[in-house]
Amino acid sequence: MKFTDNNNYTLLADFYEFTMGNGYFENGMKDEIVHFDMFFRSAPDDASYVILSGLEQLIEYLENLHFDEEDIDFLRSKGIFSEEFLDYLANFKFECDVRAIPEGTVVFPSEPLVTVRGPAIQAQMIETMVLLTINHQTMITTKANRICKAAGERPVTEFGSRRAQGYSGANLGARAAYIGGCNGSANTLAEQLYGVPALGTMAHSWVQMFDEEIDAFRAYAKVYPDSCFLLIDTYDVLHQGLPNAIQVFRELREQGYEGRGVRIDSGDIAYLSKACRKMLDDAGFPDVTIMASNSLDEYVIEDLLKQGAQVDSFGVGERLITSKSHPVFGGVYKLVAREEEGEVIPTIKISENVSKITTPGVKDVYRFYDKEKGKALADVIAVKGEEVPDEHYEIFHPLFTWKRKTLKNYEVRSLLEDIYVDGKLVYESPSLEDIREKVQRELASLWDEIKRLNTPQEYIVDLSPELWKIKDDLLKKHNSN
């Protein structure tokens, strides 16, 4: 595996991960084996699903997990950690088992996306980076996919670097957006780091550098005659920008080249694009495309197309790179079991908020597909190793247990895969292109009703009978105390 980030992020952790680690050490619990699940409770933008991404960067972090001498000196300076604990960190060796659902997979609320089994200190220590890495890219990938869905077959380019929350937000956001379906990014570094195609032409400042707009267009066309794409809204789209562009395209044609496109970055996009399309067609340039940008997202794009906007591609910036309509992905990392003398003891967190009650135990996640149509029927979270019947399987609502349905004529796929075994990497990350292709296969397996941008149908995610009983028994036990 080729890594793109060799930085040491070991101290990028909530401070309680170290205070608790020291506490485990001082209480003789450093070797106690625990199990954590990373999952989310609801999808952004009231969607029914998200697209998982960020696993490759989580692996990069784990591969470089170590404490430098400077790290130990810093922790010592806090004056609260024992020297024995600091010596443990100085000689740190990652020993956990990690399983995860691969990048590009469609996933649903409550499903374990990443599971960690290992010594309590280690499993707790990586909490922040597991969440930071998976939460961010999953959020951007999902947002990008929603925007691309609204655009239909029209290409979408990620334009958001300058509005991203920091350098890594821009770089990893471009990667995530590409996984989600964007055709490229304005971020040049994203191509060097990850292979995301870097795309772009000119800004308004190029036009302003010349006394006349047409001179700016001619100068650009001279440098890029076979890929001339002009920004036409610096002054006046219909009375100046587009007429000047048409004139330059005519001059290019006389030289044996064809103009590629125009971009509109302000104004009434629906009205302007329709007017531009007619003017281009009337001038003999039906193949010149029209690109729109300027504070777009899936909702704006959907409205534009309903209004008949003649837009062939979109550049989407701040509302994509920040997932502006829902800028927080609420993934959480919770203790679900601990081991005593080799026996797994399920644990549960109880809350008056029902959605915050965790599902205990070590788990597998299974997806059931209709054999004839290849569509996903339901997911079942089960106890790890629990057998799934080959022919008939009754699913039921975890809260309203009288709601039941029998699945028939199905195929089953297990979603979680081994990433680390005893601290050793056993997983080979797929290429970025393979992940993009996986996203499209995953989406094709969902019914259209589940993929609606607004008020989608809820997808069924149930607990197996064995797992449901473990959870129910723990709830009853704690409620009786």
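Residues numbered from 1 in each chain as written. Predicted model: local features only at pLDDT ≥ 70, side-chain atom pairs only at ≥ 80, totals over all residues. Heavy atoms only, no water.

Draft legend 1. Quick look at the overall build of the chain. Looking only at helices and strands, one finds 16 helices and 21 strands in the chain. Counting only C-alpha atoms and orienting by the principal axes, one finds that the chain spans roughly 80 × 60 × 35 Å. Classification of the 481 residues of the chain by burial places 53% in the buried group. Pairs at least 24 apart in sequence give 73% of the contacts found in the chain among residues at least 6 apart. One finds the centroid of the 52 positive side-chain charges in the chain at a distance of 6 Å from the centroid of its 79 negative side-chain charges. (Helix = DSSP H or I, 4+ residues; strand = E, 2+ residues; numbered from the N terminus. Buried < 20%, exposed > 50% of the residue type's maximum accessible area, 1.4 Å probe, protein only. Contact = heavy atoms within 4.5 Å. Lys, Arg positive; Asp, Glu negative; His and termini not counted. Charge placed at Lys NZ, Arg CZ, Asp CG, Glu CD.)

Draft legend 2. Structural detail: the nonpolar core. In terms of nonpolar packing, the biggest core is built from 105 residues, with Val114, Leu230, Ile232 and Phe314 touching the most fellow members. Element by element, the count of residues in this core is highest for helix α6 (residues 127-151), at eleven residues. Residue-level mapping places this core at the junction of two domains, with at least three residues from each of domain 1 (15-141 + 327-475) and domain 2 (153-322). Every residue in contact with Phe314, bar those within four places of it in the chain, is listed here: Ala151, Arg154, Pro155, Val156, Thr157, Met291, Ala292, Leu296, Ile301, Leu304 and Leu305. (Core = buried A, V, L, I, M, F, W, Y, C linked by side-chain atoms within 4.5 Å. Domains from an automatic or database assignment.)

Draft legend 3. The arrangement of the UniProt feature "domain: Nicotinate phosphoribosyltransferase N-terminal" (unreviewed entry) in the chain in detail. Per the UniProt entry, the sites bearing "domain: Nicotinate phosphoribosyltransferase N-terminal" (unreviewed entry) are residues 11-135 in this numbering. As annotated, residues 11-135 comprises 42% helix and 18% strand, and the C-alpha atoms at either end are separated by 19 Å. (UniProt positions renumbered as here; feature names shortened; annotations may be inferred.)

Draft legend 4. Expanded view of α6. Taking 1.5 Å of rise per residue, 25 residues should cover 36 Å, and α6 covers 36 Å from first to last C-alpha, within 8% of that figure. With 22 of its 25 residues buried, α6 lies for the most part within the structure. Directly after α6, the chain includes Gly152, whose backbone phi takes a positive value near 70°. (Expected span 1.5 Å × (residues − 1).)

Draft legend 5. Representation of the pattern of salt bridges within the structure. In the structure shown here, the tally under the stated rule is 33 salt bridges. One salt bridge in this structure joins Glu442 and Arg413, with 2.8 Å as the shortest N-O distance. Of this pair, Glu442 sits in helix α15 (residues 432-444) while Arg413 sits in strand β18 (residues 410-414), and the two are 29 residues apart along the sequence. One salt bridge in this structure joins Lys438 and Glu442, with 4.0 Å as the shortest N-O distance. One end of the pair, Lys438, and the other, Glu442, are both in helix α15, four residues apart, so they sit about a helical turn from each other. Residue classification places Lys438 among the buried residues on the basis of a relative accessible area of 16%. (Salt bridge = Lys/Arg side-chain N within 4 Å of Asp/Glu carboxyl O.)

Draft legend 6. Structural view of the domain arrangement of the chain. Along its sequence, the chain is carved into domain 1 (15-141 + 327-475) and domain 2 (153-322). Taking the mean C-alpha position of each, domain 1 and domain 2 sit 40 Å from one another. Taken together, the contact between domain 1 and domain 2 spans 19 residues of the former and 20 residues of the latter. Summing both sides of the interface, domain 1 and domain 2 together bury roughly 1700 Å²; the carbon and sulfur share of this comes to 56%. Three residues stand out in domain 1 for area buried against domain 2, namely Ile140, Leu432 and Arg436, and they jointly supply 38% of the buried area on that side. The interface formed by domain 1 and domain 2 includes two salt bridges. A salt bridge links Arg175 to Glu103; the shortest N-O distance between them is 2.9 Å. (Buried area = accessible area lost by both parts, 1.4 Å probe.)

Draft legend 7. Structural context of the sheet that holds strand β20 (residues 424-425). One open sheet accounts for seven strands, arranged β13-β12-β1-β5-β3-β19-β20; its pairing is antiparallel. Since the sheet does not close on itself, it has two edges, and those belong to β13 (343-346) and β20, each with one partner. Relative to strand β5 (residues 114-119), strand β3 (residues 97-100) runs antiparallel, the two sharing four bridges. Bridged to Val98 within β5 is Val116. The strands that helix α2 (residues 55-63) touches are β3, β5, β19 (417-421) and β20; relative to β19, the one it contacts most, it runs at about 10°. Relative to the sheet, α6 contacts β1 (33-40), β5 and β12 (331-340), its axis offset from that of β12 by approximately 140°. (Pairing = 2+ DSSP bridges. Axes fitted to C-alpha atoms, helices over the stretch in contact; angles between N-to-C directions.)

Draft legend 8. The arrangement of empty space enclosed by the protein in detail. Per the stated rule, a full pass over the model turns up two cavities of 30 Å³ or more. Lining of the largest cavity is provided by Ala47, Ser48, Tyr49, Thr142, Asn145, Arg146, Lys149, Ile450, Lys451, Arg452, Leu453 and Pro456. A breakdown of the residues in the lining of the largest cavity according to their chemical character gives five nonpolar, three polar and four charged. A volume near 30 Å³ is recorded for the second largest cavity. As for the second largest cavity, its lining consists of Pro44, Asp45, Met139, Thr142, Lys143, Arg146 and Ser323. Here the residues of the lining of the second largest cavity sort into two nonpolar, two polar and three charged. (1 Å grid on protein atoms, 1.4 Å probe; cavity = no way out; pocket = protein on both sides within 12 Å on 5 of 7 lines; lining within 4 Å. Points joined across faces, edges and corners; volume = space filled by probe spheres on them. Nonpolar A, V, L, I, M, F, W, Y, C, P; charged D, E, K, R; others polar.)

Draft legend 9. Expanded view of the packing of helix α7 (residues 167-180) against α15. Their axes nearest at 8 Å, the elements α7 and α15 cross at an angle of 45°. Classified by the angle between their axes, α7 and α15 sit oblique to one another. Within the contact between the two elements, α7 uses Arg175, Tyr178 and Ile179 and α15 uses Leu432, Glu433, Ile435, Arg436 and Val439. When the residues that make up the contact of α7 with α15 are grouped by side-chain class, the tally is five nonpolar, no polar and three charged. (Parallel < 35°, antiparallel > 145°, perpendicular 65-115°, else oblique.)

Draft legend 10. The side chain of Ser48, seen in detail. Counting through the fold element by element, Ser48 comes out in the loop between β1 and β2 (50-51). There is a polar contact of 2.8 Å between the side chain of Ser48 and the backbone oxygen of Ile450. Among all residues touching Ser48, those that are not within four sequence positions of it are Ala43, Phe108, Pro109, Ile450, Pro456 and Gln457. (Polar contact = N/O pair within 3.5 Å; in protein donor to acceptor, adjacent residues only side chain to side chain.)

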